[in-house]
Amino acid sequence: MKIKVGVVGYGTIGKRVADAVLLQDDMELVGVTAHSYNYRVAIAAERGIKIFAVDGERESLEAHGISVAGSFDDLLENVDVVVDATPKKQGAENKKIYEAKGVKAIFQGGEKASVADVSFVAQANYSAALNKQFVRVVSCNTTALTRTIHALDQKWGVKRARATLVRRAMDPAASRGGPLNAIEPTFELPSHHGPDVRTVLPNVEVFTTAIIAPTTLMHMHVLSVKLEKDAAVEEVIDLFRNTTRVRVIPVDQKIITTAQVMELARDLGNKRGDMMEICVWDKGIGIYDDELFFMQAVHQESDVVPENIDAIRAVMGFEDAEKSIEMTNKSLGLK
Ligand code: NAD
């Protein structure tokens, strides 16, 4: 029996998760919600994805020629689990509906950790999400920090990690946001990302600061990590090469900027030009005294997609974390 999945909120994250669900042998995409008529919904309908209308949008969708399969309620009646990728705070509102209907839900990082039983990054705490009703896939930044810091912690032990996040101002398709021509500091110490990493890795001391830069493509993190045991640069490169959903970027291939990383993703033929792996530049890794330094780029629109797929399997009771990660990776062309 395939897992029946619905996607609520068909935007940047929702449309990517829906496409990833379609690639899984053990899942069926029952349909996606449409909150208003737009090109994303029109393309989904053209591709044969079933559309379920929210907030009385049925008439307006049908007026635009969209064949509507039912309401939000109808979608919930026909699924085992929903991935809620609505804008932040809407997920917490929707939780009341999922509770009333007894439907399992995967929330996104825009929601507070308290929305769910578990905050989730597959390679760090898959088993904590087993059979839970509500799981939160953490934000793009938290996912990225968790993937690399967890790998270091497993191998050498992390005494403490410090990271400065250079955050993209908005997503590429957005027309509102900013700054447009300035760099904006975040006056929050730590920035919310450090405590958020600790919702997944409670035993690792992580402190973050953040600034926002006028770019849309990727976030960039600059990390300094004190390890419990000595490590050499080559060993760190090896570790990241062998860490799932992390990619070591060879500087010698002249992949220097985040724009070139995104171009690499397009040249690899990745759907939508996505880069779901966290990209660590090999020549950006260094050790000074007892501190490890490295830089990583994060494609905010896509790195959480594989996590959503693994979270679906975990809440449905699929016990083998490694197998789930392997299945997801294979379907999405990740290592
Ligand atoms: P988005 O604005 O691109 O998409 C949200 C979609 O939800 C839109 O299609 C909108 O029409 C729809 N929607 C709005 N209200 C709705 C409702 N009541 N019912 C159903 N659909 C509704 O947002 P996004 O960037 O995909 O973000 C979704 C979640 O993912 C947020 O929690 C966000 O913090 C998180 N997230 C975003 C990114 C990113 O960079 N974009 C990265 C990681 C996590």
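Remember, it's a predicted structure, so these values are computed and weren't measured experimentally. Counting of residues starts from 1 at the beginning of each chain's written sequence and follows it residue by residue. This being a predicted model, a pLDDT of at least 70 is required before a residue's local features are given, and a value of 80 or more before pairs of side-chain atoms are given or counted; all residues contribute to the totals for chains, interfaces and linings. Side-chain figures throughout are based on the complete set of non-hydrogen atoms in the structure, without hydrogens or water.

Peer 1: Would you mind going over the site of the ligand in detail, with residue names and values included?
Peer 2: Note on terminology: near, applied to a residue and a molecule or strand, indicates that one of the residue's heavy atoms is within 4 Å of it. In the neighbourhood of the ligand, 19 residues make up the surrounding shell, with T12, I13, R168, D171 and Q300 lying closest. T12 places a side-chain nitrogen or oxygen 2.9 Å from an oxygen atom of the ligand. Polar contact is the term for a pair of N or O atoms within 3.5 Å; when the atoms are in protein, one must be able to donate a hydrogen and the other to accept it, and sequence-neighboring residues count only if both atoms are side-chain atoms. At a separation of 3.0 Å, an oxygen atom of the ligand approaches a polar side-chain atom of R168. Per-residue accessibility takes into account occlusion by the displayed protein chains alone, with areas from the Shrake-Rupley method and a 1.4 Å probe. Here the ligand has 820 Å² of accessible area as a free molecule, and 82% of this is covered by the chains.

Peer 1: Can you tell me about the nonpolar core, naming the residues and giving the values?
Peer 2: Inside soluble globular proteins, nonpolar side chains tend to come together where they are buried. The set of buried Ala, Val, Leu, Ile, Met, Phe, Trp, Tyr and Cys residues whose side-chain atoms join them within 4.5 Å is what this entry labels a nonpolar core. Under the scheme applied here, a residue whose accessible area is under 20% of the maximum for its type counts as buried, over 50% as exposed, and between as partly exposed, the area being computed with a 1.4 Å probe on protein chains only. Ranked by size, the top nonpolar core spans 43 residues in total, and within it V5, V21, V32, I106, F120, V135 and I312 carry the most contacts. By definition, any uninterrupted DSSP run of H or I lasting at least four residues is a helix, any uninterrupted run of E lasting at least two residues is a strand, and each is numbered from the N terminus. The greatest single-element share of this core, amounting to 6 residues, is contributed by helix α11 (residues 305-315). Discounting residues that sit within four places of it in the chain, I106 has contacts with V81, V82, V83, D84, V135, V137, N308, A311, I312 and V315. Counting residues in each nonpolar core, the second largest holds 28 residues, with I149, A151, V197 and I237 among its members. A contact between two residues is defined here by any heavy atoms of the two lying within 4.5 Å.

Peer 1: Go over the domain arrangement of the protein chain, please, and point to the residues and values.
Peer 2: Entries for the protein chain in the domain assignment read domain 1 (3-138 + 304-332) and domain 2 (140-298). Look at where the C-alpha atoms of domain 1 and domain 2 centre, and you get two points 26 Å apart. Contacts between domain 1 and domain 2 engage 25 residues on the former and 19 residues on the latter. Simply put, the buried area is the total loss of 1.4 Å probe accessible area from both parts when two parts are fitted together. Among the residues of domain 1 in contact with domain 2, R16, Q123 and V138 are the three that bury the most area, contributing 32% of the side total. Domain delimitation follows an automatic or database domain assignment.

Peer 1: Requested: an account of the packing of helix α7 (residues 140-156) against helix α9 (residues 233-241), with residues and values cited.
Peer 2: Across the interface, α7 lies against α9 with an axial gap of 10 Å and an inter-helix angle of 120°. By the criterion of interaxial angle, the relationship of α7 to α9 is oblique. Here α7 runs over α9; the crossing is right-handed. On the side of α7, the interface is formed by T148, A151, L152, K155 and W156, while α9 contributes E235, V236, L239 and F240. Three classes are used: nonpolar for Ala, Val, Leu, Ile, Met, Phe, Trp, Tyr, Cys and Pro, charged for Asp, Glu, Lys and Arg, and polar for all others, with Gly counted as polar. When its residues are assigned to classes, the contact of α7 with α9 shows 6 nonpolar, 1 polar and 2 charged. Working convention: axes come from line fits to C-alpha atoms, limited for helices to the stretch in contact. Angles between N-to-C directions cover 0 to 180 degrees. The scheme is simple: roughly parallel for angles under 35 degrees, roughly antiparallel for over 145, roughly perpendicular for 65 to 115, oblique for anything else. In this scheme the handedness of a crossing depends on how the near helix is turned from the far one: anticlockwise by less than a right angle means left-handed, clockwise means right-handed.

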